[in-house]
Amino acid sequence: MQRRLLLASPLLEITISRLCQQLIENHQLFADTVILGLQPRGIHLAQRIHQELQQTTETTIPFGWLDATFHRDDFRRRESIVRPNQTKIPFTIEGKKVILVDDVIATGRMVRAALDAMTFFGRPERIELAVLIDRRYNRDIPLAPDYVGMKVNTLDTQRVIVEWKEQGHEKDGIWLSD
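Criteria and cut-off values
- Residues numbered from 1 in each chain as written.
- Predicted model: local features only at pLDDT ≥ 70, side-chain atom pairs only at ≥ 80, totals over all residues.
- Heavy atoms only, no water.
- Helix = DSSP H or I, 4+ residues; strand = E, 2+ residues; numbered from the N terminus.
- Buried < 20%, exposed > 50% of the residue type's maximum accessible area, 1.4 Å probe, protein only.
- Polar contact = N/O pair within 3.5 Å; in protein donor to acceptor, adjacent residues only side chain to side chain.
- Axes fitted to C-alpha atoms, helices over the stretch in contact; angles between N-to-C directions.
- Parallel < 35°, antiparallel > 145°, perpendicular 65-115°, else oblique.
- Left-handed = near helix turned anticlockwise from the far one by under 90°.
- Contact = heavy atoms within 4.5 Å.
- Pairing = 2+ DSSP bridges.

Leave glycine aside and you will find that most residues have negative phi; peptide bonds, for their part, are mostly trans. Across the junction of Ser 9 and Pro 10, the peptide omega takes the value 0 degrees, indicating a cis bond. With respect to the helices, strands and loops of the structure, Pro 10 is situated in the loop between strand 1 (3-8) and helix 1 (11-27). Put simply, Gln 39 and Pro 40 share a cis peptide bond, and its omega is 0 degrees. One non-glycine residue, Gln 28, adopts positive backbone phi at about 50 degrees. Among the structural elements, Gln 28 can be located in the loop between helix 1 and strand 2 (33-38). Residue classification places Gln 28 among the exposed positions, given a relative accessible area of 55%.

Attention shifts here to the environment of Asn 26. You can see Asn 26 is positioned in helix 1. Among the polar contacts made by the side chain of Asn 26, one reaches the side chain of Tyr 147 at a distance of 2.9 Å.

A separate point is the packing of helix 1 against helix 2 (residues 42-57). In the contact formed by helix 1 and helix 2, the axes pass within 10 Å of each other and the chain directions differ by 60 degrees. Comparing the axis directions of helix 1 and helix 2 gives the class oblique. Like other packed secondary-structure pairs, helix 1 and helix 2 cross with a definite hand, here right-handed. The residues of helix 2 that touch helix 1, namely those facing Ile 16, Ser 17, Leu 19, Cys 20, Gln 21, Leu 23 and Ile 24, are Leu 45, Arg 48, Ile 49, Glu 52, Leu 53, Thr 56 and Thr 57.

The next thing to look at is the side chain of Arg 48. Position of Arg 48 relative to the elements: it lies in helix 2. Exposure remark for Arg 48: the relative accessible area of 15% places this residue in the buried category. At 2.9 Å, the side chain of Arg 48 and the side chain of Glu 166 are in polar contact. Here the side chain of Arg 48 touches Asp 172 through a polar contact of 2.6 Å, side chain to side chain. Once residues within four sequence positions are removed from consideration, Arg 48 is found in contact with Ile 16, Trp 164, Lys 165, Glu 166 and Asp 172.

On to the sheet that holds strand 8 (residues 173-177). What the 3 strands build is an open sheet, ordered 1-8-7; its pairing is antiparallel. Looking along the sheet, the strands with just one partner apiece sit at the ends: strand 1 and strand 7 (159-163). In this sheet, neighbouring strand axes are inclined to one another by 25 degrees on average, regardless of whether the strands run parallel or antiparallel. Where strand 7 meets strand 8, 5 bridges bridge the pair, whose relative direction is antiparallel. Residue pairing across strands places Glu 163 opposite Gly 173, the latter belonging to strand 8.

Structure representation (structure tokens):
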């Protein structure tokens with residue numbers, strides 16, 4: 001397995017800060033805005049974005065995470081048993097602007113599942129998608145993120161691997177694997 005480094009410190013921190021600045025430009029004081037990290041891997045990016053936004057804006061922004069495992073259209077087609085993750089949304093999203101955060105968007109199926117899962121918590125006024133990596137040319141569902149850290153052209157056989165210190169890795173890094 002060959003791996004090629006796509007992003008690491010300090011460029012990774014700069015990329016996350018740039019995403020935050022774009023969010024601040026569009027949401028300013030984040031009134032009626034919430035941030036949801038998409039389980040399992042999007043929550044690490046969402047936590048970093050949330051912390052930086054609160055620190056920069058000196059505003060309290062509601063934060064939660066969403067598991068869309070059982071809403072996936074391929075849930076029953078997998079050979080291995082899928083283990084669900086925790087959903088924690090201690091607020092209503094009814095009438096709110098939701099910023100959905102995930103680490104990588106590829107086919108769009110997980111985001112579509114998250115849109116379905118969100119309906120159990122209310123009907124948002126608006127939903128925006130922020131991703132660290134956009135795997136272009138892999139979309140099965142016509143979805144496009146509103147905020148992108150980096151666009152990567154990949155083959156179907158390649159994977160983007162995101163490693164966070166919070167997951168026990170020595171350092172943060174984004175890799176392209178064959």
